[in-house]
Every structure is written in C-alpha cells, then in structure tokens.
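Structural overview
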Amino acid sequence: MAASSPNADNDGTSDQVLVEDCRFTRILTLNRPQQLNALSTPMIMKLLKLFVAYEKDSDVKLLIVKVFAMPETSLGFFPDIGASYFLSRLPGFFGEYLGLTGARLDGAEMLACGLATHFVPSMNLAYLEDLLTKVETSDPFVICASIDQFSQMVPLKASSAYNRLDIIDKCFSKETVQEIISALEKESASMADEWIVVAIQALKKASPISLKVTLRSIREGRLQGVDRCLTKEFRLCCHILRLEASKDFLEGFRAILVDKDRNPKWEPPRLDLVDSKVLDQYFAEVDDANWEDLKLPSRRNLATNYVSKM
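Per chain, the residues get numbers from 1 upward, laid out in the order the sequence is written. Only residues with pLDDT of 70 or above have their local features reported here, since the model is predicted, and side-chain atom pairs are shown and tallied only from 80 upward, although totals for entire chains, interfaces and linings are computed over all residues. Note that the side-chain values use all heavy atoms of the structure and ignore hydrogens as well as water.

Looking at an unreviewed UniProt entry, one finds the protein named 3-hydroxyisobutyryl-CoA hydrolase, with Musa acuminata subsp. malaccensis as its source organism. UniProt positions are given in the numbering used here, feature names are shortened, and annotations may be inferred rather than shown by experiment. Quoted straight from UniProt, the Function (unreviewed entry) entry for the protein says "Hydrolyzes 3-hydroxyisobutyryl-CoA (HIBYL-CoA), a saline catabolite. Has high activity toward isobutyryl-CoA. Could be an isobutyryl-CoA dehydrogenase that functions in valine catabolism." In the Sequence similarities (unreviewed entry) part of its UniProt record, the protein is described as follows: "Belongs to the enoyl-CoA hydratase/isomerase family."

Written out as structure tokens, the structure reads:
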C-alpha cells in the first residue's frame, strides 16, 4: 500500500494526519506521538475536511482511524468526544473510574467492559488491515465478519482492576470526588491492591476542577442521549479553552506535554475550593452573542467497530 494524501494542503498538518488511499478504504493515522496524539486545531480542521469529503464520496466504503489518545484530568481537561455518553454506559461505575483516574486499559479489559467490540492480537493487525482494504462495501455485517476472522477472546489478567468491579462500584458510586477518594483510602487500608493506590495517586494529582467537571459530566450522561452529551461537552470545551474560570488546561498542557516537569500548579489547588457556581458556569451555554452553540447535522446511522489489541 502506497501512502498518499491527495487532499493534503500546505498547512503543515500533512505529516500530523497521515492518509492512505487503498481502493475503497481510507486509513487515517494520527501522528503527533511526542504530544500523545493530542489534537491541534489544524488537525481537527484537516480531519473534518476529510470526513466531509469521504461522506460524499461513493468510492469510500470504509474508514480506518489509528494511535488514539484521550485528554485526561491530569491535563486539566476532561474526557470528551462523547465520553460522557459511552463511559456512563459501561458496567457499574467503571466509567467513573476510567474518566476520573485516566487509567490505561489493555485489550482484554477494553473487550470485557465493552469499550471494544473485537480483540485482535498485534501480530494479526497488518493482516486484518490488508483484508479490510479489499472490502468493497459499507455493510457493517460484512466488515464485522472480516474482523471476526482475526479476533479472539482473551482472559483478564489477575491484577486487572476490572476483576474488582465490586470495589470500584462501592467507591466510585459516591456522590462527590472527595467521598470517592475517602472510600478508596478506606479500602486501601484493608487490602494491598496496587490499582487502588495508583487510583488514589492519580486523583490527588489531577486538576480539582477537572475532576468535578468530569464526574458531573458522566453522571449527567447516564440520562442523556448522545446528541445532548456532545452538546454538553462542546460547551465544556468552549468554557475551558476560553479560560473563563480556570487556566488549568494551559497549566496541565505545559506540565505534561511541553516542559514535562509533571508538576502542574492547579488553580484552585484543592477540591474543597472549587466554587459550585463556577462549576455550573462550565455546563451553561456560552454567554457570547458571537459564539455559536453546537448544531448537530442529521446523519444516516453508521455502525462502528472498535478493535482493540495487545
């Protein structure tokens, strides 16, 4: 397969979003590893341009997007791109655990909790990708059958936090972040599970306001459709990027991705100092006549398969 980018502009992003044309398939690869593949504005505009073009192109039957990363509370941000919808629908309160701690999952865990529909060993990914490039239809059943040829069931590791869903539910079902941390500390005192210690450390290092935004967003997502979740997350992004109440996102970006001292100075520095009125402001529509709220277009229903790997 030869890499090409017929739609590439001279905007400096062609090497950040790699494009491969393979018959009826297009493969997009995010290529900013030093920045953990965090999306820049030019990358977003590039992807949007490609997505719109592919939707109108009858020759494009399948789109493969690859080297994903989700902004975390450790960056002073919150899980977006519809995360409040899909995280809130994971078993028990596993979504709150993932969203608040930024815990990394392996392929078996993603499959077990429902974040992935298939598990394909890394050694077979190239073969699967080659097979998918030969698909000449957008029929989800045909695509799923192709993935099934390489997918397999894998057992969870004994140390997986998903094996302790009972403890996760007990702790992460609490009403506030402070109560969640307190519950975890009590559990940690009576058992020596490493995942609990790691979770506590992650929560205590994260941006206090981001933790509260994340918990509220996921909790609200349990009662919202995907359209309302996306609109809500758009508004949250706007408020955060406008730096209206906190500069934590810039500070987290500096500490984690730029200077890499991993020592952000959050404002406010503690959970008990987060003003509830400020939190409410994050979830409100942007109060600016020149600022347009999210308008979701009508789209035909598209099936999506999420392939995990080791």
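1. Quick word on the environment of C237
Assignment of secondary structure puts C237 in helix α11 (residues 226-241). Think of it in three bands: residues with accessible area under 20% of the maximum for their type are buried, residues over 50% are exposed, and the middle band is partly exposed, with areas taken using a 1.4 Å probe on protein chains only. Residue class for C237 comes out buried when judged on its relative accessible area of 16%. In this structure, the C-alpha to C-alpha distance between C237 and Y282, residues 45 residues apart in sequence, is 8.6 Å. Under the DSSP-based scheme used, a helix requires at least four consecutive residues in state H or I and a strand at least two consecutive residues in state E, with every element numbered from the N terminus.

2. Here's the deal with the layout of surface pockets
A pocket, in this scheme, is an open set of points on a 1 Å grid over the protein atoms alone with protein on both sides within 12 Å along at least 5 of 7 lines, while a cavity is a set where a 1.4 Å probe fits but cannot get out; residues line either one if an atom lies within 4 Å of a point. Grid points are joined across faces, edges and corners, and a volume is the space filled by probe spheres set on the points. One number sums up the size of the second largest pocket: a volume of about 170 Å³. Residue lining of the second largest pocket: E175, T176, V177, Q178, K212, L215, R216, R219 and L279, and that is the complete set. Among the secondary structure elements, those contributing two or more residues to the lining of the second largest pocket are α8 (177-190) and α10 (208-221). The element contributing the most residues to the lining of the second largest pocket is α10, with four residues. In the scheme used here, Gly and all other residues not listed as nonpolar or charged are polar, with Ala, Val, Leu, Ile, Met, Phe, Trp, Tyr, Cys and Pro taken as nonpolar and Asp, Glu, Lys and Arg as charged. Grouping the constituent residues of the lining of the second largest pocket by class yields three nonpolar, two polar and four charged.

3. Description of the packing of α8 against α10
A fitted line through C-alpha atoms serves as each axis, taken over the contacting stretch for helices, and the angle formed by two N-to-C directions is quoted from 0 to 180°. In the contact formed by α8 and α10, the axes pass within 10 Å of each other and the chain directions differ by 95°. Compared by their axis directions, α8 and α10 come out roughly perpendicular. Of the residues in α10, those touching α8 at V177, Q178 and I180 are L211, K212 and L215. Considered class by class, the residues forming the contact of α8 with α10 number four nonpolar, one polar and one charged. When describing relative orientation, an angle under 35 degrees is termed roughly parallel and one over 145 degrees roughly antiparallel, while 65 to 115 degrees is termed roughly perpendicular and anything else oblique. Whether two residues are in contact is decided by their heavy atoms: any pair within 4.5 Å suffices.

4. Section: the packing of α10 against α11
Between α10 and α11, whose axes approach to 10 Å, the crossing angle comes to 165°. As summarised for this structure, α10 and α11 are arranged roughly antiparallel, according to the angle between their axes. Note on packing geometry: the crossing formed by α10 with α11 is right-handed. In this structure, α10 uses V213, S217, E220 and G221 to contact α11, whose residues at the interface are C229, K232, E233 and L236. Considering only residue class, the contact of α10 with α11 consists of three nonpolar, two polar and three charged. By definition, turning the near helix anticlockwise from the far helix through less than a right angle yields a left-handed crossing, and turning it clockwise yields a right-handed one.

5. What about the pattern of salt bridges?
Between Lys or Arg on one side and Asp or Glu on the other, a salt bridge is scored when a side-chain nitrogen of the former is within 4 Å of a carboxyl oxygen of the latter. Considering all chains together, one arrives at 19 salt bridges under this definition. Taking the shortest distance from any N to any O, the salt bridge between E185 and K204 comes out at 2.6 Å. With a gap of 19 residues between them, E185 in helix α8 and K204 in helix α9 (residues 194-205) connect regions that are remote in the sequence. On the basis of relative accessibility, which here comes to 35%, the residue E185 falls in the partly exposed class. A residue is classified by how much of its surface remains accessible, and K204, at 54% relative accessible area, is exposed. We note a salt bridge from D259 to R254, for which the minimum N-O separation is 3.0 Å. The class for D259 is partly exposed, based on a relative accessible area of 48%. Each of E251, R254, D259 and D261 takes part in a single network of salt bridges with overlapping partners.

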